[in-house]
Amino acid sequence: MPVIPAETAMRACVKLCQDNQVTLVRPGDPQREVALLGLAAAHALTGSGWSMEYARKNVSVTLPGAGPLSDLLKAIPYIGGLLAAVSGRLSKPTIYLAPAVMENGVTLMGTIQHELGHVGSMRAGGLGWCICYGLIGEVRAAAEAPCYGISMAHQVKFGGVPVHDAESAVMKALSYYGLDV
């Protein structure tokens, strides 16, 4: 099975993000830490989700670009103020990459495709979709299913990962959302 070098994959990911008018934030950037802190605070308040330790290494996340609509983000329960502060500085949707996805090109490409799926949902559904994603498990499940599906497809087709192993990894990730059932 040919391997996609991480550097080659990163160049492709940067181009995909540019073509889709998406900002890409790499691991180690302070903006990523701010986004994770806000989401971890929401998870702590609701009693669901991942720990900060897990997120720092493994969680890539996409936030909507707010531009002049950043004040409306304040309506999102728990983390609205922080999202408004972070996203208000960015006019485009932003993908914050986790360090773990940088380990190989296949995972990096699958993650970018996964996160671009969320960008498409955000653009199609607007702020209302974002609020529903945060509040309603069924909306979150419907959004995550195709995005994790593309991640699995990359792992199986391009990474040579057995289907069962790819499925197990996704089920573990979905458990952090409370969506594994």
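This is a predicted model, so every value here is computed, not measured.

A. Expanded view of helix α1 (residues 6-19). For α1, built from 14 residues, the straight-helix expectation of 20 Å at 1.5 Å per residue is met to within 8% by its first-to-last C-alpha distance of 20 Å. Where α1 is buried, its residues contact β1 (23-25), β3 (94-96) and α6 (105-135). Phi for Q21, located one or two positions after α1, is positive at around 55 degrees.

B. Layout of the packing of aromatic side chains. A complete count under the given rule lists one aromatic pair for this structure. When the ring of W129 is compared with that of Y133, the centres are 5.3 Å apart and the planes differ by 35 degrees; the resulting orientation is tilted. Of this pair, W129 and Y133 are both found in helix α6, four residues apart, which corresponds to roughly one turn of the helix. For the pair shown, W129 and Y133 are each scored as buried.

C. Structural detail: the packing of α6 against helix α7 (residues 137-157). Between α6 and α7, whose axes approach to 8 Å, the crossing angle comes to 165 degrees. By the angle between their directions, the pair α6 and α7 is classed as roughly antiparallel. Once α6 is placed against α7, the crossing between them reads as right-handed. Split into classes, the residues belonging to the contact of α6 with α7 amount to eleven nonpolar, eleven polar and two charged.

Cut-offs and rules
- Residues numbered from 1 in each chain as written.
- Predicted model: local features only at pLDDT ≥ 70, side-chain atom pairs only at ≥ 80, totals over all residues.
- Heavy atoms only, no water.
- Helix = DSSP H or I, 4+ residues; strand = E, 2+ residues; numbered from the N terminus.
- Expected span 1.5 Å × (residues − 1).
- Contact = heavy atoms within 4.5 Å.
- Phe/Tyr/Trp six-rings, centres within 6.5 Å; stacked < 30°, edge-to-face > 60°.
- Buried < 20%, exposed > 50% of the residue type's maximum accessible area, 1.4 Å probe, protein only.
- Axes fitted to C-alpha atoms, helices over the stretch in contact; angles between N-to-C directions.
- Parallel < 35°, antiparallel > 145°, perpendicular 65-115°, else oblique.
- Left-handed = near helix turned anticlockwise from the far one by under 90°.
- Nonpolar A, V, L, I, M, F, W, Y, C, P; charged D, E, K, R; others polar.

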